[in-house]
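Understanding the architecture of this molecule
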Amino acid sequence: MTVTAPNGTEVWVVGASQNITWTKTGSFANVELRYSTDGGTTYPTVIVASTLASALSYAWTIPDAISTTVRVKATDTG
């Protein structure tokens with residue numbers, strides 16, 4: 001699985017709704033989305049614990065975590 005948005009070129013506004021998108025390879029049902037504020041060293045904050053992998057998108061309300069080092073990670077919940 002690969003996160004396709006955000007990809008590092010976006011400027012997202014706090015409080016706005018933006019789509020996190022990903023590509024899916026393999027067979028798994030659900031995805032967990034997390035974000036990092038330290039450039040991807042850790043991903044302590046859960047965006048959503050489980051959403052359908054086949055949706056390929058999740059609408060995220062952007063939190064007040066302004067930084068150029070915010071990263072998003074998608075993982076198989078299984």
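Summary of the structure given here. Since this is a predicted model, take the numbers as computed values, not measurements.

**Quick notes on the sheet that holds strand 2 (residues 17-23)**
- In space, the three strands of this open sheet follow the order 1-2-5, with antiparallel pairing throughout. With one partner strand each, in any of the chains shown, strand 1 (2-5) and strand 5 (57-61) form the two edges of the open sheet. The mean inter-strand angle of the sheet, taken between neighbouring strand axes irrespective of direction, is 35°.
- For strand 2 and strand 5, the ladder comprises five bridges, and the chain directions are antiparallel. Following the sheet pairing, Gln18 is matched in strand 5 by Trp60.

**Let's talk about the sheet that holds strand 4 (residues 45-52)**
- Spatial strand order, 4-3-6: three strands in an open sheet with antiparallel pairing. Edge positions in the open sheet fall to strand 4 and strand 6 (71-76), since each of these has one partner strand only. Within this sheet the neighbouring strands show an average axis-to-axis angle of 20°, counted without direction.
- Pairing analysis gives six bridges linking strand 3 (residues 30-36) to strand 6, with the strands arranged antiparallel. Within the sheet, the bridge partner assigned to Leu33 lies in strand 6 and is Ala74.

About the thresholds
- Residues numbered from 1 in each chain as written.
- Predicted model: local features only at pLDDT ≥ 70, side-chain atom pairs only at ≥ 80, totals over all residues.
- Heavy atoms only, no water.
- Pairing = 2+ DSSP bridges.
- Helix = DSSP H or I, 4+ residues; strand = E, 2+ residues; numbered from the N terminus.
- Axes fitted to C-alpha atoms, helices over the stretch in contact; angles between N-to-C directions.

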